[in-house]
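The chain contents come next:
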Amino acid sequence: MTHRGPFFGWLFSLLLTVFIWVPLPSAADQEGTLVIALDTLGGQTMDPILEGRAPHAHYQAPVFDALVGFNFEKGGIGPGVAERWELADDGQSWTFYLQKGLKWHNGDSLTAHDVKFSLERTMTKESLASRASALRRNVKKIEVIDDHTVQIFTNGVQVHFPASMSRAVFQEGQLMPKKYIEKVGVKEFRKNPVGSGPWKFVRSVQGDRIEYEAVDHPHWRGKPNFKKLVILLVPEESTRVAMVRTGEAAIASISPESLQEVEVAKLKVVSVPSTMQAVYQFWGAYRSEFAKSPIADKRVREALSLAIDRQSIIDHVMYGQASWPMPFATFGYSSDIDTARWQAWGKKALRYDPARAKQLLSEAGYPNGFDLNFANTALPGTPYMTQIGVAVADFWNKIGVKVKIKHYEWGAFRLLYRGDQKKLAGHTSMFRTAGRPVAAARYYGGFHSKGGHHLFGSKTDCPQRCQDFDNLHLSLVAEQDDAKRAQKTDKMLEMVADSWMAVPIIEGKGYWAVNPKKVGHFKPIPGRHEFGDVFERMPLPGQKAWP
Amino acid sequence: MRRYIVQRLLQGVFLVLIVTTIVFFLGRLTGNPADMVLPEDASEEDRQEMIETLGLDGPVHTQFFIFMGNALQGDLGLSIRYRQPAAEVFFSRLPNTMKIVPATMIVALVLAIPLGILSALRRGSVTDRFSGAIAVLGIATPNFWLGILLIYLFSVQLGWLPSARMGGFTHYILPTITLGTFLVAGFMRLIRSSMLEILDSEFVKLARIKGLSEFKVIWKHCLRNALIPVLSLWGVFMGGLVTGAIVTETVFAWPGVGRLTYEAVIFRDFPLLQAVIIMDAILILFINLLVDILYAYVDPRIRYT
């Protein structure tokens, strides 16, 4: 005689309990529409190779996964479609190991062939992806090892290559479906894109909105709680805030000017930490014709920094929603740096000390100040830079520097620092550095003789400091040993910090107005202003209350 | 009349060519779209490659001849930002603008004509002064501010109307008021002064002596003549509304031609900017031609040869 009865009864009870208490994920769990109002939708194209700038991380990210993902807690990079990656012993290639069982929205499996196809497509001459040309230079060939392993051979050692495959940095790592595009053609793909992200594309109305629908199965980035997602283009900030107040939108991008209105209206403010750093920098100061100019003197450049009351800018220009900066282009999540050391450096070196500033000016031979040309500009997405620039100029005026401030629209300003920088050399200007985890790439752009700004020297006129920097940078980006790379990164930071050539003013945040009745409490990804990788983790209003 | 129309059309072609040339060269002085695509610290090497990708690497005069050659065949180039034919992008936005412009014009005229007549008939009265004050306010109020004010009052505080975007009937109310306020003021002042002049004229006195009813004198004889200058202003406003409703379209997130023009300028999307301005120029030429034809209808003394 067997005693199955009590066993099956127990099993039945257990299963019943599980079904009652642990609801299985189903389409029915997802409800409502999450409406987001944005200031820009960039090129509003659903082909990843046609969007060059940051809005891709708002509106393409819901549909497309990237090869490398985020560290959601700290910021910076983390696992993506590739769950891990490793550098070959000779440093000449990276191998990426993909998650198994991933599917495109049309049901096809996502494989290493798609990764190869996507990167090669991003590298074509047709691509507008902002780092497409860098990718063309850096990648030698791509080989599929098996369905879940892909090896990327680089030209020389590229220790930071995986970072460039993450939306934490750029968009080049976004993956596209090989079979689907080859079957339907590029034109059809652009009309009806298929991705592998947690949201499926539904419709795009140019200049107005993009609509998405949540996938109804568990997704490695998180199964969306909302059934639908609509991203609206609402260029005027007052209108965006009004829409959040009326509930027409759940979330809207805002600037610091709107923070008070948002708080008065009892909405919530979500501040994304460390999305940018506002800086000022000296153009062409290395040139021989400026050898006797005040800005060629390091003491003067340091004095100008000491004259700035950063806390006052944080409190009054940024309404308290900004942080004390670390060295140029570094943040709490930056890789390869000693964060504690550099935070301490920032507190001390970037202090407000007008007495010492005046003393340094006297020592440099300018006790009564001097004339300083200052180009003020604001980069797209950070309009408050202009007000910061005006505040900085006022602080400099206070120590006797006669600032001649000139305001530039961003597109017009960009023309000035191209080519020989003739019109900008000898000037100081506002600038910005975006929140990115790898400082070395930004330092190349700022200080390398072949970089866009080349503040230490150019290809044709590279003084000693410029040569030292070029050599250090070259050795840093090829350094495979983590400890040695950290040392070299510290050295690079020291070199730039000690030059006072590009000086941080404040560390800015990304600002959002949120209607708590329309969406539950959520956390952004440090450093990534855009929410394209956060939408799926946003709870319904009743699911998680706001503190 | 037919000869006149053909002549005006030929002049129009010439004007469009001049406008195209000016826009082509002036646009390029203000920046390069490659800079708007690339990160702010991109190297010169990356920039050159992007310029090639965008097809902007040849000498400007060569680019101009290529553009003109294609334009004469109806191809205005590919929008740099949207990677779609620029003309296609323009025509996808034009219907949105054309939904709001006639509505605004109708509201403006329906309000301005009676108010203008009333002010003229009761010159110096409280009604006249009140209308005058409204006109000054309408002209002086920046529609950017007015739009935000209306949103705050009717959407945020009262909750009666949607804040922005295209949609059903209620979505038209606030943008129409915002755009129309300036128009009402302009039309009203013009109708008033025009009516005052006509009310003083000999033929009106004659009409009254002949015993015509005051209603007939005002609405049939005076108004028809008073509308002639209004027609000119209508043409100017109409062109301005189609191409220049940038502020209202921005405040109300209305995806029309005005906002498209602004975006093309900011992004240095030359092909799109050229296409928009060429299309706008053609549209304005047609509106002006229409005004001239309407002149002949309203005022039989005007004959084109």
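Residues numbered from 1 in each chain as written. Chains lettered and ligands numbered in written order. Predicted model: local features only at pLDDT ≥ 70, side-chain atom pairs only at ≥ 80, totals over all residues.

All right, on to the overall build of chain A then. A count of helical and extended segments in chain A gives 17 helices and 16 strands. For 547 residues, the compact-globule estimate of 2.2 N^0.38 gives 24 Å, and chain A sits close to it at 26 Å. With respect to the principal axes defined by its C-alpha atoms, chain A has extents near 105 × 60 × 50 Å. Taking all 547 residues of chain A together, 53% fall into the buried category. Taking all contacts inside chain A whose residues are at least 6 apart in sequence as the whole, residues at least 24 apart take part in 71%. (Helix = DSSP H or I, 4+ residues; strand = E, 2+ residues; numbered from the N terminus. Rg over C-alpha atoms; globule rule 2.2 N^0.38 Å. Buried ≥ 20, exposed ≤ 12 C-beta atoms within 10 Å, placed from the backbone. Contact = placed C-beta atoms within 7 Å.)

This part is about the sheet that holds strand β4 (residues 82-87) of chain A. Residue and element names in this part refer to chain A. Taken in spatial order, the four strands line up as β4-β5-β7-β6 in an open sheet, and their pairing is antiparallel. Of all the strands in the sheet, just β4 and β6 (139-146) have a single pairing partner and so form its edges. Strand-to-strand twist of the sheet, defined as the mean angle between neighbouring strand axes without regard to direction, takes the value 20°. For strand β5 (residues 93-98) and strand β7 (residues 149-154), the ladder comprises five bridges, and the chain directions are antiparallel. (Pairing = 2+ DSSP bridges. Axes fitted to C-alpha atoms, helices over the stretch in contact; angles between N-to-C directions.)

The next subject is the domain arrangement of chain A. All names here are of chain A. Along its sequence, chain A is organised into domain 1 (11-267 + 515-537) and domain 2 (275-508). On the side of domain 2, 21 residues touch domain 1, which itself brings 21 residues to the contact. Class assignment for the residues of the side of domain 1 that touches domain 2 results in 11 nonpolar, nine polar and one charged. (Domains from an automatic or database assignment. Nonpolar A, V, L, I, M, F, W, Y, C, P; charged D, E, K, R; others polar.)

A separate point is the interface of chain A and chain B. Tallying the contact residues gives 37 residues for chain A and 42 residues for chain B. Within the residue set of the side of chain A that touches chain B, elements represented by two or more residues are α4 (132-138), β10 (228-233), α7 (237-246), α14 (410-416) and α15 (439-447) of chain A. Classifying every residue of the side of chain A that touches chain B by side-chain character gives 12 nonpolar, 16 polar and nine charged.

What follows is about the sheet that holds strand β8 (residues 199-205) of chain A. Residues and elements named next belong to chain A. The strand order across the open sheet built from 10 strands is β8-β9-β10-β1-β11-β16-β12-β15-β13-β14, with neighbouring strands paired in mixed fashion. Only two strands of the sheet have a single neighbouring strand rather than two, namely β8 and β14 (402-408). Taken pair by pair, the neighbouring strands of this sheet meet at an average axis angle of 25°, ignoring direction.

This part takes up the confidence of the model for chain A. For chain A, per-residue confidence averages 92 on the pLDDT scale, and 95% of positions sit at 70 or higher. Long-range and interchain partners of residues 1-27 of chain A, a stretch whose pLDDT sits below 50, account for three contacts in this model, where long-range means more than four residues apart. (pLDDT = per-residue confidence, 0-100.)

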